[in-house]
Amino acid sequence: GENVEQHPSTLSVQEGDSAVIKCTYSDSASNYFPWYKQELGKRPQLIIDIRSNVGEKKDQRIAVTLNKTAKHFSLHITETQPEDSAVYFCAASILGSDNDMRFGAGTRLTVKP
Amino acid sequence: SQTIHQWPATLVQPVGSPLSLECTVEGTSNPNLYWYRQAAGRGLQLLFYSVGIGQISSEVPQNLSASRPQDRQFILSSKKLLLSDSGFYLCAWSRDRLYGYTFGSGTRLTVV
């Protein structure tokens with residue numbers, strides 16, 4: 001089955017700097033890669049996703065890149081703000097299949113003002 | 001629009017007591033439903049998923065069980081809680097496995 005690894009487990013940046021979180025996946029059939037943000041004590045919420053027919057997707061300060069050959073994808077946050085502090089989870093799945101989404105272990109991002 | 005409700009928000013239960021957590025989805029039909037557990041400071045562990053009424057798949061052996069008595073209702077149960085069952089339980093739904101998951105607000109369970 002699919003196995004998703006996420007790095008780093010913790011990340012601390014200064015406000016205004018960029019943050020990058022990387023994930024690798026094992027199943028080359030995976031074609032859908034969402035990212036979730038979980039603030040302390042709250043539910044994970046989808047912030048951006050990418051499908052395998054696209055190499056990069058951007059939404060304001062957040063971007064995700066996908067390298068299908070290497071089977072890794074990354075979340076990029078530019079101009080970080082204290083409110084970006086949260087745990088971020090990557091995930092991988094095969095759209096329309098019976099296999100369910102697999103999550104990475106999470107990255108705790110701290111943005112220091 | 002679709003909404004997902006999960007309750008209770010917090011629960012403190014003694015070891016050996018039963019458990020029942022409920023999750024309901026509104027505004028959609030035949031959703032895929034999931035129960036996840038998140039131990040403190042850890043990732044999301046899939047416990048159960050369901051693609052339809054009465055259809056439950058279990059990911060890991062444990063003393064928990066799940067049921068789906070109605071299309072938009074998903075229940076997580078235990079007959080006898082263990083200390084290791086403590087954690088943050090999240091219900092989630094997705095539509096036709098074509099979209100990302102939407103999570104419920106979670107239940108923080110403490111077994112004492």
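Structure report, in brief. This one's a predicted model, so the numbers in the text were calculated from it and none came from an experiment.

### Describing the state of the cysteines
On inspection of all chains with the given rule, the structure shows 2 disulfides over all chains. Disulfide pairing is shown between Cys 23 of chain A and Cys 90 of chain A; the S-S distance is 1.9 Å. The disulfide joining Cys 23 of chain A to Cys 90 of chain A has a torsion of about -100° about its S-S bond and is therefore left-handed. Placement of the pair is Cys 23 of chain A in strand E3 (residues 19-25) and Cys 90 of chain A in strand E9 (residues 86-92), with a sequence separation of 67 residues. Each member of the pair, Cys 23 of chain A as well as Cys 90 of chain A, carries the same accessibility label: buried. There is a disulfide in this structure between Cys 23 of chain B and Cys 91 of chain B, and the S-S distance comes to 1.9 Å. On the S-S bond that ties Cys 23 of chain B to Cys 91 of chain B, the torsion sits near -75°, and the link is left-handed. With a gap of 68 residues between them, Cys 23 of chain B in strand E3 (residues 19-26) and Cys 91 of chain B in strand E9 (residues 87-94) connect regions that are remote in the sequence. For Cys 91 of chain B, a relative accessible area of 0% corresponds to the buried category.

### What to know about the environment of Ser 12 of chain A
With respect to the helices, strands and loops of the structure, Ser 12 of chain A is situated in strand E2 (residues 10-14). Sequence-distant contacts of Ser 12 of chain A, that is, excluding residues within four places in its chain, are made with Thr 110 and Lys 112 of chain A.

### Description of the sheet that holds strand E8 (residues 73-78) of chain B
Residue and element names in this part refer to chain B. Judged by pairing direction, the sheet is antiparallel, and its 4 strands sit side by side in the order E1-E3-E8-E7 without closing on themselves. Looking at which strands have only one partner, the edges of the open sheet turn out to be strand E1 (3-7) and strand E7 (64-70). On average, each strand axis in the sheet is tilted by 15° relative to the strand beside it, whichever way the strands run.

### Side note on the side chain of Gln 6 of chain B
Residue and element names in this part refer to chain B. Tracing the sequence through the fold places Gln 6 in strand E1. At a separation of 3.0 Å, a polar atom in the side chain of Gln 6 contacts the main-chain amide nitrogen of Cys 91. A polar contact of 3.5 Å, which involves the side chain of Gln 6, links it to the side chain of Thr 107. When near neighbours in sequence (up to four residues on either side) are disregarded, Gln 6 contacts Glu 22, Cys 23, Trp 35, Tyr 89, Leu 90, Cys 91, Gly 104, Ser 105, Gly 106 and Thr 107.

### A short note on the sheet that holds strand E8 (residues 72-77) of chain A
Residues and elements named next belong to chain A. Pairing is antiparallel in the open sheet, where 5 strands are placed in the order E1-E3-E8-E7-E6. Every other strand in the sheet has two partners, leaving strand E1 (4-7) and strand E6 (56-59) as the edge strands with one partner each. Going from strand to strand, the sheet's axes swing by 15° on average, the running direction of each strand aside.

### With respect to the nonpolar core
Counting 22 residues, the largest nonpolar core has Tyr 25, Phe 33, Trp 35, Phe 73, Leu 75, Tyr 88 and Leu 109 of chain A as its most contacted members. Breaking this core down by element, the ones donating at least two residues are E2, E3, strand E4 (32-38), strand E5 (45-51), strand E7 (62-67), E8, E9 and strand E11 (107-112) of chain A. Counting 20 residues, the second largest nonpolar core, distinct from the first, contains Trp 35, Leu 64, Leu 81 and Val 111 of chain B.

### Section: the packing of aromatic side chains
A full pass over the atoms with the stated rule returns 16 aromatic pairs over all chains. Ring geometry for Tyr 25 of chain A versus Phe 33 of chain A: centroids 4.7 Å apart, planes at 45°, classification tilted. For the pair shown, Tyr 25 of chain A and Phe 33 of chain A are each scored as buried. Following the ring pairs from residue to residue traces out a cluster consisting of Tyr 36 and Phe 103 of chain A together with Tyr 34, Tyr 36, Tyr 49, Tyr 101 and Phe 103 of chain B. Between Arg 108 of chain B and the ring centre of Phe 88 of chain B, over which it is positioned, the NZ or CZ distance is 4.5 Å.

### Considerations on the pairing of E3 of chain B
Residue and element names in this part refer to chain B. Judged from the 5 bridges that link them, E1 and E3 form a sheet pairing that is antiparallel. Note on E3: the bridge partner recorded for Gln 6 is Cys 23. In terms of strand pairing, E3 meets E8 through 6 bridges, oriented antiparallel. Note on E8: the bridge partner recorded for Cys 23 is Phe 74.

Parameters and conventions
- Residues numbered from 1 in each chain as written.
- Chains lettered and ligands numbered in written order.
- Predicted model: local features only at pLDDT ≥ 70, side-chain atom pairs only at ≥ 80, totals over all residues.
- Heavy atoms only, no water.
- Disulfide = S-S within 2.5 Å.
- Helix = DSSP H or I, 4+ residues; strand = E, 2+ residues; numbered from the N terminus.
- Buried < 20%, exposed > 50% of the residue type's maximum accessible area, 1.4 Å probe, protein only.
- Contact = heavy atoms within 4.5 Å.
- Pairing = 2+ DSSP bridges.
- Axes fitted to C-alpha atoms, helices over the stretch in contact; angles between N-to-C directions.
- Polar contact = N/O pair within 3.5 Å; in protein donor to acceptor, adjacent residues only side chain to side chain.
- Core = buried A, V, L, I, M, F, W, Y, C linked by side-chain atoms within 4.5 Å.
- Phe/Tyr/Trp six-rings, centres within 6.5 Å; stacked < 30°, edge-to-face > 60°.
- Lys NZ or Arg CZ within 6 Å of the ring centre and 35° of its normal.

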